[in-house]
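# A closer look at the structure
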Amino acid sequence: MRSSRLLSILMLLQTRGRLTAEVLAAEFEVSVRTIYRDIDALSLSGAPVYADRGPGGGFALLDGYRTRLTGLTDAEAETLFLGGLAGPAAQLGLSEVMANTQLKLLAALPAERQAAAERISSRFHLDPVGWYRDAEEAARLPALAQAVWTCRRIAVRYDSWKGVVERSLSPLGLILKGGTWYLAALAGSAEPRVYRVSNIQALTVGDEVFERPADFDLEAFWTASTQRFEAEIFTGDARLRLTRAGLKRLSYLGATQARIAAETLATLDGETCEVVVPIESIDHAAADFLRLGVEAQVLEPPALRERLRQTATELAALYAD
């Protein structure tokens, strides 16, 4: 435990520069006294750690000192190669960069860890795209990634649910979810919003540089956005009677709807049950529930029952021959 902490302290000083004992203590959830003992141990081991006294002081490494990637366990060495997804990297225009980075990581690793790191690529392949679909075309991703990286404002023509609009955006980050790319960006002084990359019809990267908000956390923003979206998207409920087969088919509706429906499950007899399913709208629900076929009967609301009745009548007429 302590040896791992000592290595982590060394890496932090190498990557962040000068740090106080209080900051290090908070980082590792230990006492300041423990940090002082750890610094002494690093110095005795030959690491060039020195202390500056007074305001603005702290612990630092001598200029030019770099440690090799020693001390890694087999699992840690392997995860270095698990973090780079070849498909998304290629979409971002970074496939060559990723290959070069992995080569340099291998060169920096001790010989006994190189085999462990290389083994991961021969035994695991990560494919983030769902079944029966292709990853969306994202020809503008490399330019978007460069704009995000260099903090340059962009002008887009965007196909939103309200229609095609023109927007001037400050791109803050890119997110890949289920094979679909999204852009987190600021439009003016408003809160950041999410834009689907495939809906961008035209893109121009400008020369104007914007100041990225210092407190913006992409992961926290995305988590909050998805939770808010899932909470707001459902505008009503539908009550369904299901057969056993229909109950199994609830997964067709999506994980969230299937989970909520399972929580409302009421068994009527050995063959059927009733559930309450959240729905977006009558149109969306009708399309979704048709996938359940005759294994599901909508009991409420009446408007949804009528829509399904009309659709069934039209389908019967279409296939009357």
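Residues numbered from 1 in each chain as written. Predicted model: local features only at pLDDT ≥ 70, side-chain atom pairs only at ≥ 80, totals over all residues. Heavy atoms only, no water.

## Thoughts on the layout of surface pockets
The method is simple in principle: a probe with the dimensions of a water molecule rolls over the atoms, and the space it marks as empty is what remains. Computed from the structure, the largest pocket encloses a volume of approximately 1,500 Å³. Those elements that provide at least two residues to the lining of the largest pocket are β3 (152-160), β4 (163-177), β5 (180-186), β6 (193-196), α9 (218-233), α11 (255-263) and α12 (282-290). A per-class count over the lining of the largest pocket returns 17 nonpolar, 10 polar and 13 charged. (1 Å grid on protein atoms, 1.4 Å probe; cavity = no way out; pocket = protein on both sides within 12 Å on 5 of 7 lines; lining within 4 Å. Points joined across faces, edges and corners; volume = space filled by probe spheres on them. Helix = DSSP H or I, 4+ residues; strand = E, 2+ residues; numbered from the N terminus. Nonpolar A, V, L, I, M, F, W, Y, C, P; charged D, E, K, R; others polar.)

## A few points about the environment of I35
Looking at where I35 falls in the secondary structure, it is placed in helix α3 (residues 32-44). The residues contacting I35, other than those within four sequence positions of it, are I9, A21, L24, A25, F28, V30 and F59. (Contact = heavy atoms within 4.5 Å.)

## Side note on the packing of aromatic side chains
Following the criterion strictly, the structure yields four aromatic pairs and no others. Centre to centre, the rings of Y158 and Y195 are 5.3 Å apart; their planes meet at 85°, and the pair counts as edge-to-face. Pair noted here: Y158 is in strand β3 and Y195 is in strand β6, with a separation of 37 residues, a long-range link. Taking relative accessible area as the criterion, Y195 reaches 4% and is therefore assigned buried. Ring plane angle 40° and centroid distance 5.4 Å describe the contact between Y182 and W222, whose orientation is recorded as tilted. Here the residue Y182 occupies a position in strand β5, and W222 occupies one in helix α9, the gap between them amounting to 40 residues. W222 sits in the buried class, given a relative accessible area of 16%. (Phe/Tyr/Trp six-rings, centres within 6.5 Å; stacked < 30°, edge-to-face > 60°. Buried < 20%, exposed > 50% of the residue type's maximum accessible area, 1.4 Å probe, protein only.)

## Concerning the packing of helix α2 (residues 21-28) against α3
Relative orientation of the contacting elements α2 and α3 amounts to 105°, with a least axis distance of 8 Å. On the basis of their axis angle, the class for α2 and α3 is roughly perpendicular. The residues of α3 that touch α2, namely those facing A21, E22, L24, A25 and F28, are V32, I35 and Y36. Taken together, the residues of the contact of α2 with α3 sort by class into seven nonpolar, no polar and one charged. (Axes fitted to C-alpha atoms, helices over the stretch in contact; angles between N-to-C directions. Parallel < 35°, antiparallel > 145°, perpendicular 65-115°, else oblique.)

## Observations concerning the sheet that holds strand β10 (residues 272-279)
Sheet strands pair by backbone hydrogen bonding; their relative direction is either parallel or antiparallel. On the basis of which strands lie adjacent, the open sheet formed by four strands has the order β9-β10-β8-β11 and antiparallel pairing. Across the chains shown, the open sheet's two edge strands, defined by having one partner strand only, are β9 (266-267) and β11 (296-300). Where β9 and β10 come together, two bridges link them in antiparallel fashion. Bridging from a neighbouring strand, A266 pairs with E274 of β10. Sheet strands touched by α12: β8 (236-243), β10 and β11. Its angle to β10, the strand with the most contacts, is close to 140°. (Pairing = 2+ DSSP bridges.)

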